[in-house]
Amino acid sequence: MPTMAEELEQTLQLCNKCGLCLPGCPVYRVTGIEWTSARGRVALLRSALLDKRLGLDALNDPIFNCLTCNGCMEHCPPGVPTGELIFRARQELLRQKGQPWLQRLLFKKLLPDSNLLYKASRLLRLADVTGLRTLARKTGLTRLIGDAGKAEAMVPRVPASEGMDAVKRMVKKIDKPKHRAAYFVGCYAPNFAPETAAATIHVLNKNQTEVTVPDFVCCGLPAAGYGDIVSARDMARKNIEIASKLKIDAIVTPCASCSSFLKDYVKLLADDPEWAEKAREFADKIRDISEYLVQIGLNTEMGELKRKVTFHDPCHLSHYQKIKDQPRTILKSIPGVEFVEMAESDMCCGAAGSYAFKNYDLSQKVLERKMGNVARTGADTLVSSCPACIMQLSCGVSQQKLPVSVLEIVELLDEAYRNARGND
Amino acid sequence: MIAQSIIKELARIVGKKNTLADLKDLIAYSYDATMRQELPDVIVLPQSTAEVSAILKLAHREKIAVVPRGAGTNLSGGTIPVKGGIILEISRMNRILEINTADRRAVVEPGVINLDLQNALAPLGYFYPPDPASQKTSTMGGNIGENAGGPLCLRYGVTSKYVFGMEVVLADGEVINIGDYVEDFPGYDLRGLFIGSEGMLGIATKLTLHIIPKPEASQTMLAIFDRLEDCSQAVSDIIGAGIVPEAMELLDQNICRVIEQSVKAGYPTDAAGILLIEVAGLADTLEKQVQEISQFCQKNKVRELRIAQTNAERDAIWAGRRGAFGSVARICPPYIVCDGTVPRDKLPEALHKVGELSKQYKVLIVNVAHAGDGNLHPLILFDVNKPEEQEAAKKAGADILDACIAMGGTISGEHGIGLEKMDAMRHMFDPADMAAMRRVKHVFDPDDIFNPGKMFPPEAEAGLPKEKGAAR
Amino acid sequence: MDNTVSQEKQAFYQKLGEIAGAGNVLTGEKATAPYNVDGITPRAIACPTSTEQVTDIIKEANKARIALVPWGSGSKQQIGPCLEAADIILCLKNMNQIVELDASNYTVQVQAGLVNGELQKQLAEKSLFFPLDPFYMESSTTGGEIAANTSGPRRIMYGTVRDLVLGVTAVTPTGDIIHTGGKTMKNVAGIDLCRMYIGSWGTLGIITEAVLRLFPLSEASKGIYATFASAEDAFRTVGQLLNSPLTPSAIELADWIAGRKIAEAIGSSLNEGEVLLIVNSEGTNDGVERHGKDITSLAGANRAKSTFALADEKASRAWNAYRGVHEAMLGASPSALQGKASVPISKLGDMYKEAKKIGASQGVEIGVTAHCGSGILYTYLAEEHERLVRITDELKRAAASLNGFFLIESAPLSVRKGADILPPRNDYPLMRRLKTEFDPNNILNPGRLVGGLH
């Protein structure tokens, strides 16, 4: 068994410290501190693993306050996979320190079971409906749990919802479907934003796609993000198993983080001889919603939307999957839409999943930079394609009091289709 | 090692969050884009001139070294704290304070990134000519410290032409203004001394830059040659005829091969040398220039001359050149890059010499050069796990610099001396020259607070003439 | 103690002939009178012919505390504060050779005493030129121009002295020969001492050689001469010109006092209050063609009264007439004063207005020329002492209010003696330390340092 140092030695030595990654790193941009950049984080990992100058446990912040947005990789000439190194380091830290009970609960119990997850979300709804959550916030109780307490305010009021059952009921049969797709719903939509699920199904239907909603579990990214690669792999195997029984052309999701990680199942299970090939077959079917629609040929029979629209590229869409053109193609084909490109459109918004819960201030600073760019476009509509981004951007817009609506791309498309004459 | 009490005092000046002293912080600031590493004692990130001044007052009182630092992308060891001390990181002082196109001036804080400045000027139809390869990351303060160059210097000149004034904090914390917003300021050219002084005379906290309108149009070409001699002779002929392209970059076969592995620029991998030539100016004058250049290329047996017809083609041609160093890093992260410069017509001879040394020391050397200025960039590759290869690479580099001196050139065209070329200073300057430089350093910084241990080989310090000037 | 000093100095004067080389020392009233500087007549004029002789002179002068005045052609000996002493003039006129002309690399190494005009003649034979063109370049030496940091109209296209000198060989006041810079355009090795010597007004060392940056003679050139009824229109034209991708080789303005004769020479006229704008372009045929067209239409769009496009003979004549204005205005009277204002480029029009207002309020004619692309404005007037002092004070205030400065470049001694050359700046102490470091005995041009030594 190679040690971690041996495993990563060659990769770590790829970095020649040219520093070209610095401007691509949102955290470096807002802090100006060297070790928040890819170059810095790699140098510290090198110091710990190869030079043995300090322990990995002395690098908690460098390992955990990386957004893993992969913005650095756009600029890195030798292609140092900093994000992967960070993920690997988190796994090692987890192994060394053990897993906190909350993470165990989340990754081993709740996320792999959409029913349990739904129930947990109802508990939070209860706290909302009874006013307990607001009370905890107002009395400063939430501040007791540090950054998580501050970030809590970003999570919107939990809506009434019937979870995956409700989503399944949204499925309609359509006349003469040309395609058949499984809708990977994810963890957020059924519990916090059922309207996104409705929009997704409607948009797919409008594009001659018959939709099924299998009982997929969480894609596994949150677990991997905290170093729990074991749980991530468990969830991956579950999803691959479920998909293997389906007769579909594609597995579609409007969540960029999900589509990205689902495609990464190939890497995740590469060393598992039993699952490697299945993972590859699975990954080949994964499509982000924009990717899917452009690939099959977008239905352009839409009504007019008079909006000035700009797009924020989710990191998992642009940096990870290199999908940048398709969302723009879609937005530009909506009649009445004036599309305006934002500066640094592909710079992370600071959401990075649950990043804000551990690094609230940094998350806010990165968001502030993004909001400046949004404001300068003069747009009235900010579109993105990932629930975490949408949550973060909505917070930002409200904090800065910008007259901007924040929408998922499926929601905007849905609106356009509904506006068409003679619509159902 | 500096006392905790000093670190606390620094924290009172810039704030605790902006004072970094954990081991991980020290390691992160121990390096730049070269291979050396030395730990500082503490890092501070000030946000105002007043804070910088207070830091220097403290450092001066306690006689602690201060190393000014921008983004740490320099290629000469300029920001490596060889005597420990305080790293004064200016990345937070990054505001563009004023752009006045009617005066042709921009006033910026030193932490502004070169490319960010360009992007702010572009919509106004202006630009700041010095465009070092690091411009995406490097700061204006860093650019001034090294008197940075770049391909466009061929036509427009170097950094020293584009910096008119500065606010500077001296070693004892005194804040002065050197140069001016307006031209022809009388008195000694302290700003000229400061530019390229590699952080050894003081730290600039505000910069008044010269900006100019963008050219009306430009035309980019790629000239492909079967022999390196023909390629470099073409450079000589073109410049010799009085044509001043905006850029003239030479790339040899080895580096083209390396580039094409990473950046699909469309460079040929079987040509001994290629020239990236860009002419710029009034649209109606370009056609003729292109024709003349074409003729000179023909005269030198050019295999093929590609003229970019669209913006995309132009961008692709440049992407290869700008990705050169990076592409080398992909196949061989550690390399020594030389920066020797020779009079332009010695370029063929210099490249030939580089080839000879490559064979002699058995190291692979790939070449890119700002051919129009005679500024070579041989990249000498070696395996970081083979110390004897690194030694051979170092020796080859030293010999290349000696050759440049012998041809009437200089040991550094744009990267600076820092640590990397300290030894070579002896070959280029005689004791009287170095003593004079040391005197200037002594005038600005008698206690050697700023970036000690750089530029001058150790024995130069002993050579400081005894008859010093009157104390302040 | 006067006697001791005298003895050492006497010894020096006796040795001087030996050190400087036979026949290289001029003494006696007739010889030294033309070298009177700031009211002081020097004891002798030494004209060495080699750097070694210069070094020997300086070393001995240092020992004897002799005040040395570096001298090229003496064109700019009135700049800056007055000298405290001037024992020996160290004239470099005899060191006037081209050391190395590297035509294919566009560099020339010259001895400092080579007159600029003479250099240009020799360069022209190789179809080259050196773009430094101060108004009196026919007589000034390259070394002098470097020490005085004097540039001319071509600065807008080619840069100033600081951008055109690649290297300087100098002898320090303590007798060390130092080589600064080199032959290459890009050179960042070490501290840039070359820049230190440029504009040092002879106070940090004697420049004995310099490496200069050359350019090929242009294929074509043209001058657009436009008259305007109001200076405002002319300055607006300049603003638009500067905001365009055009690259003229000179943008000069002369008011009706300075420009009258030039206007007449080209078949136009300048009435009171009107100004003449001269815009030159040089380069390729098509480039010059395009410049001519665009500049002419710019002038027209800004209500130019008349516009002439001149080339070849006609252009040379008019241009030389303009260049001659400077000498003419200075030579017109012993009470002539010439000053230079440097203000932000966009404020040059305002400075012009101020100069005219000051003249009007004092009832004095102030002639004006300007390097419009650089924010530099020259004022010429001839008056009695009191008025000159008052007017220069006003001009200083006006320039300062525009965030610039005003400097007296030439004036009657009585005015210069009393004047504060420049307002104090916070980098003067550093300059003083630099001076003291290199010239501990204060032998080179004592008193000339801007801001003074104390």
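Residues numbered from 1 in each chain as written. Chains lettered and ligands numbered in written order. Predicted model: local features only at pLDDT ≥ 70, side-chain atom pairs only at ≥ 80, totals over all residues. Heavy atoms only, no water.

Turning next to the interface of chain A and chain B. At the junction of the two partners, chain A supplies 31 residues and chain B supplies 35 residues. Counting the surface lost from both chain A and chain B, the interface buries some 2600 Å², and carbon and sulfur atoms represent 54% of this. Summed over the three residues of chain A that lose the most area to chain B, namely Asn16, Lys17 and Arg53 of chain A, the buried surface amounts to 20% of that side. Linking chain A with chain B are 2 salt bridges. Where Glu34 of chain A meets Arg69 of chain B, a salt bridge forms, and the shortest distance between an N and an O atom there is 3.2 Å. Our count for the contact surface shared by chain A and chain B stands at 14 residue pairs in polar contact (both at pLDDT 80 or more). If you list the elements that add at least two residues to the side of chain A that touches chain B, you get α2 (26–31) and α3 (38–49) of chain A. Take the side of chain A that touches chain B: its biggest share by element is 5 residues, from α3 of chain A. Residues belonging to the side of chain A that touches chain B are distributed by class as follows: 17 nonpolar, 9 polar and 5 charged. (Contact = heavy atoms within 4.5 Å. Buried area = accessible area lost by both parts, 1.4 Å probe. Salt bridge = Lys/Arg side-chain N within 4 Å of Asp/Glu carboxyl O. Polar contact = N/O pair within 3.5 Å; in protein donor to acceptor, adjacent residues only side chain to side chain. Helix = DSSP H or I, 4+ residues; strand = E, 2+ residues; numbered from the N terminus. Nonpolar A, V, L, I, M, F, W, Y, C, P; charged D, E, K, R; others polar.)

Turning our attention to the domain arrangement of chain A. Residue and element names in this part refer to chain A. Structurally, chain A comprises domain 1 (4–97) and domain 2 (299–418). Look at where the C-alpha atoms of domain 1 and domain 2 centre, and you get two points 28 Å apart. Across the boundary between the two partners, domain 1 contributes 16 residues, which contact 16 residues of domain 2. With both sides pooled, the region where domain 1 packs onto domain 2 buries about 1300 Å², and carbon together with sulfur makes up 64% of that total. Three residues, Val30, Leu67 and Glu74, lead the burial of domain 1 against domain 2; their summed loss comes to 37% of the area buried on that side. Across the pair Glu74 and Lys322 runs a salt bridge whose closest N-O atoms are separated by 3.9 Å. Across the domain 1-domain 2 interface, the total number found is 3 residue pairs in polar contact (both at pLDDT 80 or more). For the side of domain 1 that touches domain 2, the element with the highest residue contribution is α2, accounting for 5 residues. Classifying every residue of the side of domain 1 that touches domain 2 gives 9 nonpolar, 5 polar and 2 charged. (Domains from an automatic or database assignment.)

Once that is clear, we can look at the interface of chain B and chain C. The interface of chain B with chain C comprises 91 residues on the first partner and 76 residues on the second. Summed over both partners, the interface of chain B with chain C comes to about 6700 Å²; 56% of that surface belongs to carbon and sulfur atoms. On the chain B side of the contact with chain C, Asp184, Pro186 and Tyr188 of chain B bury the most area, a combined 13% of that side's loss. Applying the counting rule to chain B against chain C returns 12 salt bridges. The partner of Asp184 of chain B in a salt bridge is Arg155 of chain C, with the nearest N and O atoms 2.8 Å apart. At the junction of chain B with chain C, the criterion picks out 28 residue pairs in polar contact (both at pLDDT 80 or more). Listing elements by their share of the side of chain B that touches chain C, those giving two or more residues are α6 (153–156), β9 (175–179), α7 (190–194), α8 (228–240), α10 (283–299), α15 (422–428) and α16 (431–444) of chain B. Broken down by element, the side of chain B that touches chain C gets its largest block of residues, 9 residues, from α16 of chain B. Counted by class, the side of chain B that touches chain C contains 40 nonpolar, 26 polar and 25 charged residues.

On to the confidence of the model for chain C, then. Residues and elements named next belong to chain C. Overall, the prediction assigns chain C a mean pLDDT of 93, with 98% of residues at 70 or greater. Mean pLDDT values over the elements of chain C span from 79, in helix α1 (residues 2–20), up to 98, in strand β13 (residues 250–255). Scored by ipTM, the complex comes to 0.94, with pTM at 0.93. (pLDDT = per-residue confidence, 0-100.)

We now examine the packing of helix α1 (residues 4–12) of chain A against helix α5 (residues 82–97) of chain A. All names here are of chain A. Where α1 meets α5, the closest approach of the two axes is 12 Å, and the angle between their N-to-C directions is 165 degrees. Here α1 is positioned roughly antiparallel relative to α5, judged by the angle of their axes. Judged by the twist between their axes, the crossing of α1 over α5 is left-handed. Taken together, the residues of α5 that come into contact with α1 (itself represented by Met4, Glu7, Leu8, Thr11 and Leu12) are Leu85, Arg88, Ala89 and Glu92. Tallied by class, residues from the contact of α1 with α5 come to 5 nonpolar, 1 polar and 3 charged. (Axes fitted to C-alpha atoms, helices over the stretch in contact; angles between N-to-C directions. Parallel < 35°, antiparallel > 145°, perpendicular 65-115°, else oblique. Left-handed = near helix turned anticlockwise from the far one by under 90°.)

On inspection of all chains with the given rule, the structure shows 17 aromatic pairs over all chains. Between Arg90 of chain A and the ring centre of Phe87 of chain A, over which it is positioned, the NZ or CZ distance is 5.9 Å. (Phe/Tyr/Trp six-rings, centres within 6.5 Å; stacked < 30°, edge-to-face > 60°. Lys NZ or Arg CZ within 6 Å of the ring centre and 35° of its normal.)

Turning to the packing of helix α18 (residues 289–296) of chain A against helix α20 (residues 325–332) of chain A, a few remarks are in order. All names here are of chain A. The geometry of α18 relative to α20 is characterised by a closest axis approach of 8 Å and an angle of 65 degrees between their N-to-C directions. By the criterion of interaxial angle, the relationship of α18 to α20 is roughly perpendicular. When the axes of α18 and α20 are compared, the crossing they make is left-handed. Counted together, Ser290, Glu291, Leu293 and Val294 of α18 and Gln326, Pro327, Thr329 and Ile330 of α20 form the full contact between these two elements.

Next up on the list: the side chain of Asp163 of chain C. Residue position: Asp163 of chain C is located in helix α7 (residues 161–164). Not counting the four nearest positions on each side in its chain, Asp163 of chain C is found in contact with Lys161 of chain B together with Tyr158 and Arg213 of chain C.

Attention now goes to the domain arrangement of chain C. Per the domain assignment, the segments of chain C are domain 1 (2–91), domain 2 (98–216), domain 3 (220–327) and domain 4 (332–418). The distance between the C-alpha centroids of domain 1 of chain C and domain 3 of chain C comes to 44 Å.

Quick look at the pattern of salt bridges now. In total, this model carries 90 salt bridges over all chains according to the counting rule given. One salt bridge connects Arg425 of chain C with Asp180 of chain B, and the closest N-O pair in it is separated by 3.2 Å. Taken together, the residues Arg425 of chain C in the loop between α15 (413–418) and α16 (428–438) and Asp180 of chain B in the loop between β9 and α7 connect one chain to another. The network of salt bridges with common partners includes Arg105, Glu183 and Asp184 of chain B together with Lys76, Arg155, Lys340 and Glu409 of chain C.

With that out of the way, let us pick up helix α12 (residues 194–206) of chain A. Residue and element names in this part refer to chain A. Helix length check: α12 (13 residues) gives 18 Å between terminal C-alpha atoms against 18 Å at 1.5 Å per residue, within 8%. Burial analysis of α12 places 10 of its 13 residues in the buried class, the great majority of the element. Of all the positions in α12, only Pro194, Thr196, Ala197, Ala199, Thr200, Ile201, His202, Val203, Leu204 and Asn205 are classed as buried. Of the residues trailing α12, Gln208 is marked for its positive phi of about 55 degrees. (Expected span 1.5 Å × (residues − 1). Buried < 20%, exposed > 50% of the residue type's maximum accessible area, 1.4 Å probe, protein only.)

Bringing the sheet that holds strand β14 (residues 273–281) of chain B into the picture now. Residue and element names in this part refer to chain B. Across the sheet, which stays open at both edges, the 7 strands sit in the order β15-β12-β14-β13-β17-β18-β16 with antiparallel pairing between neighbours. The open sheet has two edge strands with one neighbour each: β15 (302–307) and β16 (335–337). Here the average twist between neighbouring strands, direction ignored, is 15 degrees. Note: strand β13 (residues 247–252) against strand β17 (residues 365–370), 3 bridges, orientation antiparallel. When the sheet's bridge partners are listed, Leu250 is paired in β17 with Ala369. (Pairing = 2+ DSSP bridges.)

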